[in-house]
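One-letter residues, chain by chain:
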Amino acid sequence: MNIGDVAQRAGLPPKTIRYYEDIGLITPLRDTNGYRLFRESDLHKLAFLGRARALGFTIEDCRTLLALYEDNTRASADVKDLAQAHLTKIEDKIAQLQSMRDTLSELVHSCAGDNRPNCPILSDLATGQH
């Protein structure tokens, strides 16, 4: 398969596939003319990477997950530990976003939104107090 074919089948842009090759996540074969030749195994890795990235795993996490996937002697505990650490980061981010939403909601509710210049939103941004 060429890069266009594999990009379509993996659901990834060609630029992303080239990047993954540049950083060593995939290593497609090269034709005598220098064009990339992707195997089914490359397509499978790209789909795997696409799913991992869609779940928010970092490139380095993806590198580790791919290595674990390819290691028949892996311990599932290693995979679980990595996924659990990532889940904890997601939960922390959700808590931060909920706190931001609560604060902003309170500020929006406290602003009259009329023609007067007094605005609790701007006051909070300027002083950190509302």
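Residues numbered from 1 in each chain as written. Predicted model: local features only at pLDDT ≥ 70, side-chain atom pairs only at ≥ 80, totals over all residues. Heavy atoms only, no water.

Under the annotation held in an unreviewed UniProt entry, the protein carries the name Cu(I)-responsive transcriptional regulator and is attributed to Marivita lacus. Turning to the protein, the UniProt annotation filed under Subcellular location (unreviewed entry) states: "Cytoplasm". (UniProt positions renumbered as here; feature names shortened; annotations may be inferred.)

A. The arrangement of the environment of Gln8 in detail. Along the chain, Gln8 turns up in helix α1 (residues 3-10). Here Gln8 falls in the exposed class, since its relative accessible area comes to 68%. Each C-alpha atom of the pair Gln8 and Ile26 lies 17 Å from the other, and the pair is 18 residues apart in sequence. (Helix = DSSP H or I, 4+ residues; strand = E, 2+ residues; numbered from the N terminus. Buried < 20%, exposed > 50% of the residue type's maximum accessible area, 1.4 Å probe, protein only.)

B. Spotlight on the UniProt feature "domain: HTH merR-type" (unreviewed entry) in the protein. This chain's UniProt record puts "domain: HTH merR-type" (unreviewed entry) on residues 1-68. Between the C-alpha atoms that bound residues 1-68 the distance is 26 Å, and the span itself is 62% helix and 6% strand.

C. How the structure looks around the domain arrangement of the protein. According to the domain assignment, the protein contains domain 1 (1-55) and domain 2 (75-130). Centre-to-centre, using C-alpha coordinates, domain 1 lies 37 Å away from domain 2. (Domains from an automatic or database assignment.)

D. Inspection of the nonpolar core at higher detail. In terms of nonpolar packing, the biggest core is built from 21 residues, with Ile17, Tyr20, Ile26, Phe38, Leu46 and Leu49 touching the most fellow members. Of all elements in the fold, only α1, α2 (14-22), α3 (40-54) and α4 (59-70) reach the threshold of two or more residues within this core. No other element matches α3, which puts 5 residues into this core. Leave out the neighbours within four places in its chain, and Ile17 touches Ile3, Val6, Ala7, Leu12, Ile26, Phe38 and Leu46. (Core = buried A, V, L, I, M, F, W, Y, C linked by side-chain atoms within 4.5 Å. Contact = heavy atoms within 4.5 Å.)

E. Seen up close, a nonpolar patch on the surface. On the surface, Leu87, Ile90 and Ile94 cluster together into a nonpolar patch covering about 220 Å² of accessible area. Inspection of the secondary structure puts Ile90 in helix α5 (residues 76-110). Judged by relative accessible area, Ile90 falls into the partly exposed class, the value being 33%. (Patch = residues over 30% accessible without salt bridge, like charges linked within 9 Å, V, L, I, M, F, W, Y side chains within 5 Å. Areas by Shrake-Rupley, 256 points an atom, 1.4 Å probe, with all protein chains shown as cover. Salt bridge = Lys/Arg side-chain N within 4 Å of Asp/Glu carboxyl O.)

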